[in-house]
Amino acid sequence: MSRDFEGKRVIVMGGSRGIGRSIALGFAAAGASVSICARGAGPLEATRREIEAKGVKAHAASVDLAKADEIAAYVPAAVAALGGLDVLVNNASGFGSSDDEKGWAASLDIDMMAVVRGSHAAIPHMKPGSSIVNISSISAMRASARSAPYGAIKAAVIHYTASQGKMLARQGIRVNCVAPGSIEFPGGSWEDRRTSNPELYQSTLASIPFGRMGRPEEIAEVVLFLASDKASWVTAQTIVADGGQLVGP
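Here is a short report on the structure shown in this document.

Cut-offs used in this document
Residues numbered from 1 in each chain as written. Predicted model: local features only at pLDDT ≥ 70, side-chain atom pairs only at ≥ 80, totals over all residues. Heavy atoms only, no water. Pairing = 2+ DSSP bridges. Helix = DSSP H or I, 4+ residues; strand = E, 2+ residues; numbered from the N terminus. Axes fitted to C-alpha atoms, helices over the stretch in contact; angles between N-to-C directions. Contact = heavy atoms within 4.5 Å. Core = buried A, V, L, I, M, F, W, Y, C linked by side-chain atoms within 4.5 Å. Buried < 20%, exposed > 50% of the residue type's maximum accessible area, 1.4 Å probe, protein only. Expected span 1.5 Å × (residues − 1). Parallel < 35°, antiparallel > 145°, perpendicular 65-115°, else oblique. Left-handed = near helix turned anticlockwise from the far one by under 90°. Nonpolar A, V, L, I, M, F, W, Y, C, P; charged D, E, K, R; others polar. 1 Å grid on protein atoms, 1.4 Å probe; cavity = no way out; pocket = protein on both sides within 12 Å on 5 of 7 lines; lining within 4 Å. Points joined across faces, edges and corners; volume = space filled by probe spheres on them. Phe/Tyr/Trp six-rings, centres within 6.5 Å; stacked < 30°, edge-to-face > 60°. Lys NZ or Arg CZ within 6 Å of the ring centre and 35° of its normal. Salt bridge = Lys/Arg side-chain N within 4 Å of Asp/Glu carboxyl O.

### Some points on the sheet that holds strand S4 (residues 87-90)
Point 1. Taken in spatial order, the seven strands make up an open sheet running S3-S2-S1-S4-S5-S6-S7, and their pairing is parallel. The sheet is open, and its two edges are formed by strand S3 (58-62) and strand S7 (238-241), each paired on a single side. Averaged over all adjacent pairs, the angle separating strand axes in this sheet is 15 degrees, with direction ignored.
Point 2. Where S4 meets strand S5 (residues 131-135), four bridges bridge the pair, whose relative direction is parallel. Bridging across to S5, Leu-88 finds its partner in Ile-132.
Point 3. On the sheet, helix H4 (residues 101-122) packs against strand S1 (9-13), S4 and S5 and is oriented at approximately 165 degrees with respect to S4.
Point 4. Running over the sheet, helix H8 (residues 216-227) touches S4, S5, strand S6 (174-180) and S7 and is turned about 165 degrees from S6.

### Structural notes on the nonpolar core
Point 1. Residues Ile-23, Phe-27, Val-34, Ile-51, Val-178 and Val-223 are the most contacted members of the largest nonpolar core, which totals 33 residues.
Point 2. Contributions of two or more residues to this core are made by S1, helix H1 (18-29), strand S2 (33-38), helix H2 (41-52), S4, S5 and H8.
Point 3. In terms of residue count, H8 provides more of this core than any other element does, seven residues in total.
Point 4. Residues Leu-65, Val-79, Ile-123 and Ile-132 belong to the second largest nonpolar core, which totals 25 residues.

### A few points about H1
Within an α-helix, residues lying three or four positions from one another point in the same direction, as the helix has 3.6 residues per turn.
Point 1. An ideal rise of 1.5 Å per residue puts 16 Å on twelve residues; H1 measures up with 16 Å between its terminal C-alpha atoms.
Point 2. Within H1, eleven of the twelve residues are buried, which leaves the element mostly enclosed by the surrounding structure.
Point 3. Gly-31 sits one or two residues past H1 and shows a positive phi near 105 degrees.

### With respect to the packing of H4 against helix H5 (residues 148-168)
Point 1. Interaxial distance between H4 and H5 falls to 8 Å at its minimum, and their mutual angle equals 15 degrees. Compared by their axis directions, H4 and H5 come out roughly parallel. As H4 packs across H5, the resulting crossing turns out to be right-handed. From H4, Gly-103, Trp-104, Ser-107, Leu-108, Asp-111, Met-112, Val-115, Val-116, Ser-119 and His-120 reach across to H5, where they touch Ala-148, Pro-149, Tyr-150, Ala-152, Ile-153, Lys-154, Ala-156, Val-157, Tyr-160 and Gln-164.
Point 2. Its residues assigned to classes, the contact of H4 with H5 comprises 13 nonpolar, five polar and two charged.

### Some remarks on empty space enclosed by the protein
Take a probe with the size of a water molecule and roll it over the atoms, and the empty space left behind shows itself.
Point 1. In the structure shown here, the tally under the stated rule is one cavity of 30 Å³ or more.
Point 2. Taken as a whole, the largest cavity spans an internal volume of roughly 30 Å³.
Point 3. Taken together, Met-13, Leu-65, Asn-90, Asn-91, Ala-92, Ile-110, Ala-114 and Val-115 make up the full set of residues lining the largest cavity.
Point 4. By residue class, the composition of the lining of the largest cavity is six nonpolar, two polar and no charged.

### With respect to the environment of Gly-129
Point 1. Topologically, Gly-129 is positioned in the loop between H4 and S5.
Point 2. The spatial distance from the C-alpha of Gly-129 to the C-alpha of Arg-146 is 40 Å, given a sequence separation of 17 residues.

### Remarks on H5
Point 1. With 21 residues, H5 ought to run about 30 Å at 1.5 Å a step, and its terminal C-alpha atoms sit 30 Å apart, in line with that.
Point 2. Within the span of H5, buried status applies to Pro-149, Tyr-150, Gly-151, Ile-153, Lys-154, Val-157, Tyr-160, Thr-161, Gln-164, Gly-165 and Leu-168.
Point 3. Buried residues along H5 sit in contact with H4, S5 and S6.

### Comments concerning the packing of aromatic side chains
Point 1. Using the criterion set out here, one finds three aromatic pairs in the structure.
Point 2. Considering the side-chain rings of Phe-95 and Tyr-150, the 6.1 Å spacing of their centres and the 15 degrees angle between planes classify their relative orientation as stacked. Within this pair, whereas Phe-95 is found in the loop between S4 and H4, its partner Tyr-150 is found in helix H5, the two being separated by 55 residues in sequence.
Point 3. On the basis of relative accessibility, which here comes to 57%, the residue Phe-95 falls in the exposed class.
Point 4. The side chain of Arg-193 reaches across the aromatic face of Trp-190, ending 4.6 Å from its centre.

### A few points about the pattern of salt bridges
When their charged atoms lie close together, side chains carrying opposite charge are able to pair.
Point 1. One pass over the structure, following the stated rule, counts eleven salt bridges.
Point 2. One salt bridge connects Arg-215 with Glu-218, and the closest N-O pair in it is separated by 3.2 Å.
Point 3. Accessibility expressed as a relative area gives 42% for Arg-215, which makes it partly exposed.
Point 4. Overall, Glu-218 belongs to the partly exposed group, its relative accessible area being 29%.
Point 5. Within this structure, Glu-45, Arg-48, Arg-49 and Glu-52 form a network of salt bridges that share partners.

Everything listed is a geometric property; what it means functionally is a separate question.
In structure tokens, the structure reads:
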């Protein structure tokens, strides 16, 4: 097992389930101390214990990422618990899908503003060589009749990533983004749709050349690469990790 992040300190916003959990565990397995936040206390504590079992420092806090004051309190507390900060991963999503005030508010408050607020809170603690990785979606890259707010805001995350990369380069901080395709995991939306909306599940599956949904661990590997010294000359970029879903079968 590579220990590329030995001694590094990592915050994963939205790190208790699915992609966020896999990212947090990936960093822990690579030697990093990790702090995670999310709303649900049960999954949060379970993941914290999994991180700790990797033999690294683990920290977790219950945070509503739609609330600016909770983010502003969490990040410094996480930095203090870890003893510094080298990597920030902005992963949380409100999954706003309906084209109404509620759907737009969910996407804007969490998918966009949590990225902005988390970054603003973290950057003062980051030194040259540090890295931010934002999580977007391939929904950002095509029109959708099902989730207009989600796709539009994820597109804004990609644009903001590029702007962040340009703004922070002089400070020696790299900023990149990963845009996952359809990822299935226990308790996730695609596992639910397998039974609740099998028509949508099967049509989505048919759009992926590899003939399967992605796994959270496959997204985590891309995130770890972008945060590592192996990507030292990569910034302001978005990497699509979708098994060819965008190009189709």
